[in-house]
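# Descriptive structure summary
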Amino acid sequence: MGKYSNTLKTLRAIALEHGAAEQPDLALMARELGRVVHQSASALTDRLGSLRMRQRGFERWVLAERRKPAISVLVMAWPPNHLTPVHDHAGLWGLEMTLHGALEVQSYARDPQSGDLRLQGRDWLGPGDGTWFEGEPHHAHRCRNLSRHDTALTLHVYGGDLAQYFAYEQTGPAGSWIARPQRSALAGRLRH
Ligand SMILES: [Fe+2]
């Protein structure tokens, strides 16, 4: 058990250390976190196995929180095929990394005048792969668990508490986009 809990502890420590800067170097944080995930992939999968077996839908677990400077570290469990709406991150900086399984991330830019969203690109994230955003107010994305059978697990580091944000929905294939305020729920706290 010691070795397993150490991996989560190490990820938490890296996130808190690199997140302490006013403008964190997210590429560097991703590289350091990714190295640990690659080295400890099977230990992490074992340690977090209970999250993959719960079958309670999409869940967000807190690994660490700090107020000054503001940072939150979360682990999320993605049921097979789970797809989020297009959503923003309330202007916070953030980093998202796959721990187990594979995620597709579609990135969007939102036009502040018209409110329309434009697809900017797609990334496919396997274990240890990350994507990050520097707190641009008009950045949005949508994520999908690419597996039809397996629960995926991801690590999220945000420059604050992402309790409220907006989800965006298009009224038709060429229709306008509607923004809906969202509140994010927590399943609990992870011991590390
Ligand atoms: Fe997100």
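Above this text you will find the structure in question.
Now for a look at the structure at hand. As the structure is a computational prediction, the values presented were derived from the model and not from experiment.

Of regular secondary structure, the protein possesses 4 helices and 12 strands. In terms of overall dimensions, the protein is globule-like: its C-alpha atoms have a radius of gyration of 16 Å, near the 16 Å expected for 192 residues. By its C-alpha atoms, the protein is 55 × 40 × 25 Å across when sized along the principal axes. Out of the 192 residues belonging to the protein, those deemed buried represent 48%. Considering only contacts in the protein between residues 6 or more positions apart, those separated by 24 or more positions represent 73%. Per element, the accessible surface of the protein, about 10,000 Å² overall, is 48% carbon and sulfur.

To continue, consider the nonpolar core. Grouped together as the largest cluster of nonpolar side chains are 29 residues, with contacts concentrated most on Leu11, Leu33, Leu48, Val73, Leu99, Leu155 and Val157. Looking at which element gives the most residues to this core, the answer is helix H2 (residues 26–39), with 6 residues. Apart from residues lying up to four places away in sequence, Leu99 is in contact with Leu11, Val37, Leu44, Leu48, Val75, Pro127, Leu153, Thr154 and Leu155. Core analysis: the next-biggest nonpolar cluster, separate from the first, contains 14 residues, Trp78, Leu125, Tyr158 and Leu162 among them.

Attention now moves to the coordination of the iron ion. Distances from the iron ion to its protein donors, namely His87 (NE2), His89 (NE2) and His141 (NE2), fall within the range 2.2 to 2.3 Å. When the donors of the iron ion are listed by position in the chain, the intervening gaps give H-x1-H-x51-H. Placement of His87 in strand E3 (residues 86–87) and of His141 in strand E8 (residues 139–145) is noted, with a sequence separation of 54 residues between them. Residue His87 is classed as buried on the basis of its relative accessible area, which comes to 11%.

As a further point, take the pairing of E8. Most of E8 sits inside the fold, with 5 of its 7 residues counted as buried. Bridging between strand E5 (residues 103–110) and E8 involves 7 bridges; their strand directions are antiparallel. Following the sheet pairing, Tyr108 is matched in E8 by Ala140.

Let us look at the packing of aromatic side chains. As enumerated under the stated definition, the model contains 2 aromatic pairs in all. Between the aromatic rings of Phe58 and Trp78, the centroid separation amounts to 4.9 Å while the plane-to-plane angle is 65 degrees, which identifies the pairing as edge-to-face. On the criterion of sequence distance, the pair formed by Phe58 in the loop between helix H4 (49–53) and strand E1 (59–66) and Trp78 in strand E2 (residues 71–78) is long-range, its members being 20 residues apart. Judged by its relative accessible area of 31%, Phe58 falls in the partly exposed class. A relative accessible area of 2% means that Trp78 is categorised as buried.

Quick look at the sheet that holds strand E7 (residues 130–134) now. Spatial ordering of the open sheet is given by E7-E4-E9-E2-E1-E12, a layout of 6 strands whose pairing is mixed. Of all the strands in the sheet, the pair left with one neighbour each is E7 and strand E12 (188–189). The sheet contacts of H2 involve strand E4 (93–100), E7 and strand E9 (152–158), and relative to E4 the element is tilted by about 15 degrees.

Applying the stated criterion across every chain, the model contains 7 salt bridges. A salt bridge links Asp150 to Arg52; the nearest nitrogen and oxygen atoms lie 3.3 Å apart. Of the two residues, Asp150 sits in the loop between E8 and E9 while Arg52 sits in helix H4, which places them 98 residues apart along the sequence. A salt bridge links Glu65 to Arg189, with the shortest nitrogen-to-oxygen separation between them at 2.6 Å. Of the two residues, Glu65 is situated in strand E1 and Arg189 in strand E12; the sequence distance between them amounts to 124 residues. The partly exposed category is assigned to Glu65, whose relative accessible area is 42%. Connected through shared salt-bridge partners, Glu104, Arg122 and Arg144 make up one network.

Cut-offs applied
Residues numbered from 1 in each chain as written. Predicted model: local features only at pLDDT ≥ 70, side-chain atom pairs only at ≥ 80, totals over all residues. Heavy atoms only, no water. Helix = DSSP H or I, 4+ residues; strand = E, 2+ residues; numbered from the N terminus. Rg over C-alpha atoms; globule rule 2.2 N^0.38 Å. Buried < 20%, exposed > 50% of the residue type's maximum accessible area, 1.4 Å probe, protein only. Contact = heavy atoms within 4.5 Å. Areas by Shrake-Rupley, 256 points an atom, 1.4 Å probe, with all protein chains shown as cover. Core = buried A, V, L, I, M, F, W, Y, C linked by side-chain atoms within 4.5 Å. Donors = N, O, S within 2.8 Å, 3.2 Å for Na, K, Ca; no water. Pairing = 2+ DSSP bridges. Phe/Tyr/Trp six-rings, centres within 6.5 Å; stacked < 30°, edge-to-face > 60°. Axes fitted to C-alpha atoms, helices over the stretch in contact; angles between N-to-C directions. Salt bridge = Lys/Arg side-chain N within 4 Å of Asp/Glu carboxyl O.

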